[in-house]
Amino acid sequence: MNPLNPTILNPEGSLRVVVTKELPGDHWKQILIQAGCRIEIAPGTKILDQATIIDLMGERCDGVIGQLTEAWDATLLGALKAAGGRAYSNYAVGFNNVDVDAATRLAIPVGNTPGVLTETTAELAVALTFSASRRVVEADRYMRGGQFTGWLPTLFMGQLFHGKTVGVIGAGRIGAAYARMMVEGHKMNMVYYDLYPNEALEATIADYGDFLEKQGEPRVTCHRAATVEEVLEAADVVSLHTVLDPSTTHLINGDRLKLMKPNAILVNSSRGPIIDEQALVAHCRQHPDFRVGLDVFEKEPEMAPGLAELDNVVIVPHIASATVWTREGMASLAAANVAGVLQGYPVWDQGGVLPFLEGATPEAAPSIVNAEALGLR
Ligand code: GLV
C-alpha cells in the first residue's frame, strides 16, 4: 500500500491517474472515470516533494494532475515516463514549474488550464489595487485594535484613481481584463508594455473613448509603451501580468522601482520572482506612500524578511484564481487534458473552453502547451 494512503476512486479503472492534491467539485472526477481511469488523490495540504510524488506514481501511472507548487523537471517527468505515463496536466494556467522541453523530449503532453482564470484573477488584482490604495487592511486592523475614536479629516487618506493612469505589464488575457476593469470602471488612461500589441484591447478602449466623448466627458487613452520603464514612470498604478521566464525574473528591481511615482501602487498577481522582493521591502521602507498588493511571492510560501511588517503592503496567499467557478473549471480542464490525451483525442482547436466545464465534454484535450512540438495539432 502507498504510504501516503491516497483516496481511490473508481478502483477498477484500467488507467491509473495520480492527482497530487484534492481538487474542488466533482465534474473533474466524472471526466476521468468516464475515460476509464482509476483516480488516486494524495491527501492533505502539505506540498509534496519529488520523492513522495515518485512514490505516489509507483511502477505504473498513466497520467498525473500536478500542482504549480511542484517542480515537474526532467527527474519527475522521467519518473512519470518510466511508470508508463503518457499525460501530465498542471492545475494552473501558468506552467513555469514544468520543464516543457524535457516533457517534449519524453513525448509527454503537458496540459494547463487557460480561459477560466481570466476575469477571476483580474478581479483579485483590482481588489489588491484598491485595498492598497485605500489602505483597507491597515484601516481594518485599526478598527479591530479599538483605535477608532471618531471621524477625522485626515484619517487613512489614500489615492483617487478616477481619471488617472493605469499601467499594465503583460497585456495578455488577464492583463487585458484587468485593464478594462480599471479603464471602463474608473475612466483611467492606460499605458502598457507587451512584446506584442494587443489590438483588440486598444480598439475596445478607443471605442470607449468615443462613447465618453459623445457623453461630453474626457476621452480615455491607451498607449503601448516602448519600454517597461516608460510604464513605470507614467502610471499611478502598475499591475504585473507577464509570464515568468528568465527574461521576466526580477523585471521589477530596485532601479526600476525608483522610476515609479513615490505614491504609486504596484500589484503582482502573476508570479513572485518577477519582483526582486528584497529590493521591494527596501523601497517600501523608504517610501511610505508607495503601496503594494501582492498575491504571489518570490520564494513561496516564504516572504522576504521585513515584508510582513510593512503597513504599506497588502499580502494574500496566492488566491487570485480562487473562486469556486474558476477552481472547479480548472479541475475540469486538467482532467479533460489528461483524459483526452489518454484516449488519443486531438487537441481542442475550436476556441474557448466552456464546453469542457459541465456535462459531457468534447472528444478533445482542451489545452496542451507542447501540442505543436509533439505534432498533436
Ligand atoms: C495560478 O497561479 C495559475 O497559474 O493558474
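Being a predicted model, the structure only gives us computed values, none of them experimental.

## Details of the packing of helix α7 (residues 173–186) against helix α8 (residues 199–214)
Closest axis-to-axis distance for the α7/α8 pair is 11 Å, and the angle between their directions is 10°. It follows from the interaxial angle that α7 and α8 lie roughly parallel. Contacts from A176, A179, R180, V183 and E184 of α7 reach α8 at L201, T204, I205 and Y208. Here the residues of the contact of α7 with α8 are counted per class, giving six nonpolar, one polar and two charged.

## Points about the domain arrangement of the chain
Each assigned domain of the chain is listed with its residue range as follows: domain 1 (7–116 + 322–356) and domain 2 (118–315). Just the C-alpha atoms count here: the centres of domain 1 and domain 2 sit 33 Å apart. Listed by partner, the interface residues are eleven residues for domain 1 and five residues for domain 2. When domain 1 packs against domain 2, the two sides together hide about 630 Å² of surface, and 50% of this comes from carbon and sulfur. Along the contact surface separating domain 1 from domain 2 lie zero salt bridges. On inspection of domain 1 and its partner domain 2, the count reaches three residue pairs in polar contact (both at pLDDT 80 or more). Class assignment for the residues of the side of domain 1 that touches domain 2 results in six nonpolar, five polar and no charged.

## Some details on the site of the ligand
Taken together, L68, A92, V93, G94, L117, R271, H318 and M330 form the complete shell of residues around the ligand. Between the ligand and R271 there is a distance of 2.6 Å, counted from an oxygen atom to a side-chain nitrogen or oxygen. A distance of 2.8 Å separates an oxygen atom of the ligand from a polar side-chain atom of H318. Surface burial for the ligand is 91%, taken as the share of its 190 Å² of free accessible area covered by protein chains.

## Looking at helix α12 (residues 324–342)
Three or four residues apart is the spacing at which side chains of an α-helix point the same way, because the helix has 3.6 residues per turn. Over its 19 residues, α12 extends 27 Å from the first C-alpha to the last, a length consistent with the 27 Å expected when each residue adds 1.5 Å. Counting buried positions along α12 gives 15 out of 19 residues, so the element sits mostly inside the fold. Phi for G344, located one or two positions after α12, is positive at around 75°.

## Comments concerning the side chain of Q67
Looking at where Q67 falls in the secondary structure, it is placed in the loop between β4 (63–66) and α3 (74–82). The exposure class assigned to Q67 is buried, which follows from its relative accessible area of 10%. Each residue touching Q67, except ones within four places of it in the same chain, is listed here: T20, K21, L23, W72, Y88, N90, Y91 and N97.

Calculation criteria
Residues numbered from 1 in each chain as written. Predicted model: local features only at pLDDT ≥ 70, side-chain atom pairs only at ≥ 80, totals over all residues. Heavy atoms only, no water. Axes fitted to C-alpha atoms, helices over the stretch in contact; angles between N-to-C directions. Helix = DSSP H or I, 4+ residues; strand = E, 2+ residues; numbered from the N terminus. Parallel < 35°, antiparallel > 145°, perpendicular 65-115°, else oblique. Contact = heavy atoms within 4.5 Å. Nonpolar A, V, L, I, M, F, W, Y, C, P; charged D, E, K, R; others polar. Domains from an automatic or database assignment. Buried area = accessible area lost by both parts, 1.4 Å probe. Salt bridge = Lys/Arg side-chain N within 4 Å of Asp/Glu carboxyl O. Polar contact = N/O pair within 3.5 Å; in protein donor to acceptor, adjacent residues only side chain to side chain. Near = heavy atom within 4 Å. Areas by Shrake-Rupley, 256 points an atom, 1.4 Å probe, with all protein chains shown as cover. Expected span 1.5 Å × (residues − 1). Buried < 20%, exposed > 50% of the residue type's maximum accessible area, 1.4 Å probe, protein only.

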